Amino acid sequence: MYSQDAISGHRRGRPEPSAEMLSGLACLTCGTDYRKTPGPEAVVVSHRAGGQLLACRGTCARMACGSVDGLGETPLPLEERVRGHQGDRP
């Protein structure tokens, strides 16, 4: 398991989330693109600007929110997240 210092250090060193991360299309921690990699199960770890921020279940979720299972909230379907992301573009 990761120590609290390691988790805090990771948060401080992390750049701002990308547009894909803010749309729930990529993992907030490792950047896995859920459109290309159907394997990892995404869990909701936070909210920003009315949208869900997702991370891969397990270590990524633990590093993002402190729980391997995220917030226990069901993520929006991938198709809906893709539509929302495409709708944000000019």
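Residues numbered from 1 in each chain as written. Predicted model: local features only at pLDDT ≥ 70, side-chain atom pairs only at ≥ 80, totals over all residues. Heavy atoms only, no water.

Caption draft 1: Representation of the overall build of the protein in the model. Each helix and strand counted, the protein has four helices and two strands in total. Its helices and strands in sequence order give the protein the pattern α-α-β-β-α-α, from N to C terminus. When the 90 residues of the protein are sorted by exposure, 33% land in the buried category. Counting only carbon and sulfur atoms, one obtains 51% of the accessible surface of the protein, whose full area is about 5400 Å². (Helix = DSSP H or I, 4+ residues; strand = E, 2+ residues; numbered from the N terminus. Buried < 20%, exposed > 50% of the residue type's maximum accessible area, 1.4 Å probe, protein only. Areas by Shrake-Rupley, 256 points an atom, 1.4 Å probe, with all protein chains shown as cover.)

Caption draft 2: Geometry of the nonpolar core. One finds C27, L28, Y34, V45 and A55 to be the most contacted residues of the largest nonpolar core, which totals 16 residues. In this view, C27 contacts M21, T32, Y34, L54, A55, C56 and C60; residues no more than four positions away in its chain are not counted. (Core = buried A, V, L, I, M, F, W, Y, C linked by side-chain atoms within 4.5 Å. Contact = heavy atoms within 4.5 Å.)

Caption draft 3: The pattern of salt bridges, seen in detail. This model, assessed by the stated rule, comprises three salt bridges. The partner of D33 in a salt bridge is R35, with the nearest N and O atoms 2.8 Å apart. A residue is classified by how much of its surface remains accessible, and D33, at 15% relative accessible area, is buried. In this structure R35 comes out as partly exposed when scored by relative accessible area, which is 38%. (Salt bridge = Lys/Arg side-chain N within 4 Å of Asp/Glu carboxyl O.)

Caption draft 4: Main features of unusual backbone geometry. Phi angles above zero are rare outside glycine, and A49 is one such case at about 55 degrees. Examined against the element boundaries, A49 turns out to sit in the loop between β1 (42-48) and β2 (51-56). The class of A49 is exposed, set by a relative accessible area of 86%.

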